[in-house]
Amino acid sequence: MTTAVAPTGAAPPASRTSKPPMGRKGMKSMYPSWFYIPAAVLFIIFFAVPTFSSFYFSLTRWTLFDVQFIGFDNFIAFFQEPQLVTAFINTFIYGFVTSASKVVLGLALALLLTGPILGRGYLRGVIFFPVLVSTIGVGFTFKALLDPFHGIVNNVLGFMNLPQPGWYTDPNLALLTVAAVDVWKGVGIATLIFMAGIVAIPHEYFEAARMDGAGAWSVFRNITLPLVRPATATVIILSLIGGLRSFDLIWAITKGGPGFTSDVIASVIYKQYQAGFFGLSTAGNVILFIVVIAVMVPVSLFLNRKQDEL
Amino acid sequence: MKQSPTRRVLTAAAGLAVLALPLAACSGGGGNSDDGGAVEISYLTQSDDNNTNQAKALIEAFEKANPDITVKLETQPGGTEGDNLMKTKLSTGSMEDVFHYNSGSLFQALNPDQTMVDLSDEEWVSTLTDDFKAVVSTDTALYGAPWGASFAGAVMYNKKVYADLGLEVPTTWDEFIANSEKIKAEGNGVAPIIQSYGDTWTSQLFVLGDFANVTAQEPEWAEQYTANDPNAKYVNEPAFAGFANQQEAFDKGLFNEDFPSMTNAQAMEALATGAGAQYPMLTATIATIIQNNPDNVDDIGVFALPAANADDTAITIWQPNAIYISKATEGDKLDAAKKFVAFANSSEGCEVQNATAAPAGPYVTTACTIPEDSPALVDDIQAYFDSGKTGSALEFLSPIKGPNLENITVAVGSGITPAEEGAAQYDDDVKKQAQQLGLPGW
């Protein structure tokens, strides 16, 4: 960890700078090493210790009063969970639907908001605003708005003689409703990243293309889209990770219901925790951890390889 | 300018110390200052209005009678969140001195032998019913004093609707369905059966409230169930009836239109005003009607969820919650805590209970009597007691209660899952619970 300064080191500074940098040892730190200690302590106490102890507790029957080592029984029990298949499918549907919508909508909005339109600053604020609001608050608000019988949305639809779907009480719709709210809430971040990507493209490319007579679609297809690829990769990775481990919005709106139709892995884990199955739910968390890594590592390798080819 | 290594270590240590100081200051609080004979104890209850109001009234009356003791009220959420908080506090020794919690299987899950004070030698114990003693005891000791009256899990119904349509209280399931069909046909939009899946826990009553009927048919069922007897499962009769009934009621379209999102409070309102006729529910919820629709309280009656045969129809009874003392409480505080618990079970404590929460069933201690002006449905429940047609809810006879029952019954009651599949899911759910409890034979 230390930057290897000899304690009694009377070596003249000139000889040090003349040495070629040698790997880590040669890395010059901007701060003295003790500067890192507080952060390291916090990291160890609040991240490393819980992470590693959770691997241990996932192998136990744990009631908070006593701990009994039971090997892999929790993992077996978790995979026998009757709702697990639904939960896995839902997790992937949710992850991919939200991620894809955020990419498409985010890019569209970013194009709009980097273009010459009236009230651009205001619209940028409006799009980004939901990101700042508490997820639980958003969940409860939409739960009230979308109430199938007394909510404002269905009242308006009823007034216009349109069908009034059971947004979060219809088993076929519940998960997609939550995903839609998630997109509404999270698209601001995607838009922001895409805007940064678009703004960073040098103007000369666009000018040159227009000089050659390219239309709007052609400019978008051949210049904007390829050149915002790093932004696209970031948006996909961030929103996919968020979607796969998403929990708070689902819990606020449907609690995994009706029945088990909008359960995802995280809500199954939470229910086990609620039931007092602490070892079992810890095992579920370890599995979720592995699943997210198993999905994200190939995705991120794939996206980054594409970038290198550019 | 070079720092010596010692100097650097010292700087680092000082830095750490500065960081740690505020943390230490946080945990330094809580010192007790009970000099001069005055003792302060804490009392924990659930944070909903009913519980806090009752607790406040109890504390006020107790402090008046015991001026040298002050009781500090603490609250926390109920439900499964509360269960976990209880466990955490008890296992770390940071529980309040006296606390209010469920009896029966949830109480057993708190590991009472390790975490609570034995109260078997207290005077008030002799006033308790045997049924209640059983649900606050382990093999070695008794830990809880009742708080509130027992209540039933049955069908609450609106007597005016019944009178208008000339209906009789049903004693068989077929009569119940016939009544409901008639309400649907002639009731001018009155919902025959209210369901409120906006609060998922309310969906369980078809199954849980049917349990006295199960015991009436097979008295040993709960024991066999706890021992993992392959016959005593929810996929088999007689226990399967609960799931089958719920599906039948849904299939015949007997629920209120907005059942998927209605909440318990809205359902009580609908029942009180006659917008709905029948609601399988815990009778303790009459408190909501007393609070919100006081004029309609006596329009509400109750009857047992009917079994297929009238002979088997019995009403399912829940034991009241109880008050316990944490093992971490010692010395003067323990004496004060025991006084507090005894007070709650004295005639003065009873007055508080009668004044703040109308009983929805008989008391389980002879120290308490039901007041004259209690809600009409209490008489209906008493009639079942008088004819010996009662049975305890399963959670007081077995430590196993699967955590997902409410989601499963929502799915069955919404037509998402057929009854057979729901019952099978619940048997699996129960298995997990039994394994976590380390019960033999699972």
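All residue numbers here refer to positions counted from 1 along the written sequence of the relevant chain. The naming scheme follows written order: chains are lettered A onward, ligands numbered 1 onward. Given that this is a predicted model, residues contribute local features only at a pLDDT of at least 70 and side-chain atom pairs are listed and counted only at 80 or more, while totals for whole chains, interfaces and linings are drawn from all residues. Derived side-chain values reflect all non-hydrogen atoms in the structure, with water molecules and hydrogen atoms excluded from consideration.

- Going by the annotation in an unreviewed UniProt entry, the name recorded for chain B is ABC transporter substrate-binding protein, with Microbacterium pumilum given as the source organism.
- UniProt positions are given in the numbering used here, feature names are shortened, and annotations may be inferred rather than shown by experiment. In its Sequence similarities (unreviewed entry) section, the UniProt entry covering chain B states "Belongs to the bacterial solute-binding protein 1 family."

- An unreviewed UniProt entry lists chain A under the name Sugar ABC transporter permease, with Microbacterium pumilum given as the organism.
- Database annotation for chain A, UniProt heading Subcellular location (unreviewed entry): "Cell membrane".
- Here is the UniProt Sequence similarities (unreviewed entry) comment for chain A, exactly as written: "Belongs to the binding-protein-dependent transport system permease family."

## Digging into the sheet that holds strand β4 (residues 145–147) of chain B
All names here are of chain B.
Next, step 1: Two strands are counted as paired when DSSP detects at least two bridges linking them. We count a stretch as a helix when DSSP gives it H or I for four or more residues in a row; a strand needs E for two or more, and each element gets its number in order from the N terminus. Ordered in space as β2-β1-β3-β10-β4, the five strands form an open sheet in which the pairing is mixed. One side of each edge strand has no neighbouring strand; the edge strands of this open sheet are β2 (69–76) and β4. Averaged over all pairs of adjacent strands, the angle between their axes in this sheet comes to 25 degrees, without regard to strand direction.
Next, step 2: The pairing of β4 with strand β10 (residues 321–325) spans three bridges and is antiparallel. In the strand pairing of β10, W147 is matched with N321. In this analysis, axes come from line fits to C-alpha atoms, helices being fitted only over the stretch in contact, and the angle between any two N-to-C directions falls in the range 0 to 180 degrees.

## Considerations on the UniProt feature "transmembrane region" (unreviewed entry) in chain A
All names here are of chain A.
Next, step 1: In this numbering, the UniProt entry assigns the feature "transmembrane region" (unreviewed entry) to residues 34–57, 92–113, 125–146, 173–201 and 273–303.
Next, step 2: For residues 34–57, helix accounts for 88% and strand for 0%, while the C-alpha atoms at its two ends are 33 Å apart.
Next, step 3: Overall, residues 125–146 shows 86% helix and 0% strand. The separation of its end C-alpha atoms is 25 Å.

## Some remarks on the interface of chain B and chain A
Interfaces are often described in size by the accessible area the parts lose on coming together.
Next, step 1: Counting residues at the interface gives 35 residues for chain B, matched by 34 residues for chain A.
Next, step 2: In total, chain B and chain A occlude about 3,100 Å² of area from one another, counting both sides; carbon and sulfur atoms represent 62% of this.
Next, step 3: A quick way to say it: buried area is the sum, across both parts, of accessible area lost when two parts are put together, with a 1.4 Å probe. Contact with chain A buries surface across chain B, with N84, K432 and Q436 of chain B losing the most and accounting together for 20% of the total.
Next, step 4: We count a salt bridge whenever a side-chain nitrogen from Lys or Arg sits within 4 Å of a carboxyl oxygen from Asp or Glu. Across the contact surface, chain B and chain A share zero salt bridges.
Next, step 5: Residues adjacent in sequence count toward polar contacts only when both atoms are side-chain atoms; beyond that, a polar contact is any pair of N or O atoms within 3.5 Å, and within protein one must be able to donate a hydrogen and the other to accept it. For the pair chain B and chain A, the number of links is three residue pairs in polar contact (both at pLDDT 80 or more). Two residues qualify as a contact provided that any one of their heavy atoms is within 4.5 Å of a heavy atom in the partner residue.

## Quick word on the nonpolar core
Next, step 1: Ranked by internal contacts, the top residues of the largest apolar core, which has 123 residues, are F99, Y234 and F243 of chain B.
Next, step 2: As used here, the term nonpolar core means buried Ala, Val, Leu, Ile, Met, Phe, Trp, Tyr and Cys residues forming a set that is joined through side-chain atoms within 4.5 Å. Only protein chains enter the accessibility calculation, which uses a 1.4 Å probe. A residue is then buried if its area is under 20% of the maximum for its type, exposed if over 50%, and partly exposed in between. F75, L84, I265 and M296 of chain A belong to the second-largest nonpolar core, a separate cluster that totals 40 residues.

## Things to note about a negative patch on the surface
Residue and element names in this part refer to chain B.
Next, step 1: Each patch is built from salt-bridge-free residues with over 30% relative accessible area, joining like charges within 9 Å and nonpolar side chains (Val, Leu, Ile, Met, Phe, Trp, Tyr) within 5 Å. Accessible areas in this description were obtained via Shrake-Rupley with a 1.4 Å probe; residue shielding takes into account the shown protein chains only. In this count, Lys and Arg are taken as positive residues and Asp and Glu as negative ones, while His and the chain termini are left out. For this purpose, a charge sits on NZ of Lys, CZ of Arg, CG of Asp or CD of Glu. A surface patch of like charges, here negative, comprises D113, D118, D121 and D139.
Next, step 2: Within the element layout of this structure, D139 appears in the loop between α6 (130–135) and β4.
Next, step 3: The exposure class assigned to D139 is exposed, which follows from its relative accessible area of 84%.

## Description of the pattern of salt bridges
Next, step 1: Within the structure shown, the criterion is met by nine salt bridges over all chains.
Next, step 2: Between K271 of chain A and D263 of chain A there is a salt bridge, and its shortest N-O distance comes to 2.9 Å. An identical accessibility class is assigned to K271 of chain A and D263 of chain A; each is buried.
Next, step 3: Across the pair K252 of chain B and E248 of chain B runs a salt bridge whose closest N-O atoms are separated by 2.7 Å.

## Section: helix α6 (residues 135–145) of chain A
Residues and elements named next belong to chain A.
Next, step 1: Residues V138, G139 and F142 constitute the buried set of α6. All buried residues of α6 fall inside an arc of 100 degrees around its axis, so they share one side.
Next, step 2: Turning to α6, the residues buried within the fold contact α8 (174–199) and α12 (248–253). What the arc measures is the spread of directions leading from the helix axis to the C-beta atoms.

## A look at the packing of aromatic side chains
Two measures describe an aromatic ring pair: the distance that separates the ring centres and the angle between the ring planes.
Residue and element names in this part refer to chain B.
Next, step 1: Ring geometry is summarised as follows: Phe, Tyr and Trp rings, the Trp one being its six-membered ring, pair when their centres sit within 6.5 Å, and such pairs are stacked at plane angles under 30 degrees, edge-to-face over 60 and tilted between the two. Counted under the stated rule, the structure contains 46 aromatic pairs over all chains.
Next, step 2: Here the aromatic rings of W173 and F176 are separated by 5.1 Å at their centres, their planes lie at 40 degrees, and the arrangement is tilted. Of the two residues, W173 and F176 are both situated in helix α8 (residues 173–186); the distance of three residues between them amounts to about one turn of the helix. An identical accessibility class is assigned to W173 and F176; each is buried.

## Brief notes about the state of the cysteines
Residue and element names in this part refer to chain B.
Next, step 1: Pairs of cysteine sulfur atoms within 2.5 Å are what we label disulfides. Scanning all chains against the criterion turns up one disulfide over all chains.
Next, step 2: The disulfide bridge from C350 ends at C368, spanning 1.5 Å between sulfur atoms. An S-S torsion of about -100 degrees defines the bridge between C350 and C368 as left-handed. Separated by 18 residues along the polypeptide, C350 in helix α16 (residues 347–356) and C368 in the loop between α16 and α17 (377–386) bring together distant segments of the chain. For the pair C350 and C368, a shared accessibility class is recorded, and that class is buried.

## Thoughts on the side chain of K87 of chain B
Next, step 1: Mapped onto the elements, K87 of chain B comes out in helix α3 (residues 79–91).
Next, step 2: Despite its burial, K87 of chain B remains without a salt bridge, the nearest opposite charge being carried by D83 of chain B at 6.2 Å.
Next, step 3: Ignoring anything within four residues of it in the chain, the contact list for K87 of chain B reads T63, L64, F65, G276 and F278 of chain A together with A109 and L110 of chain B.

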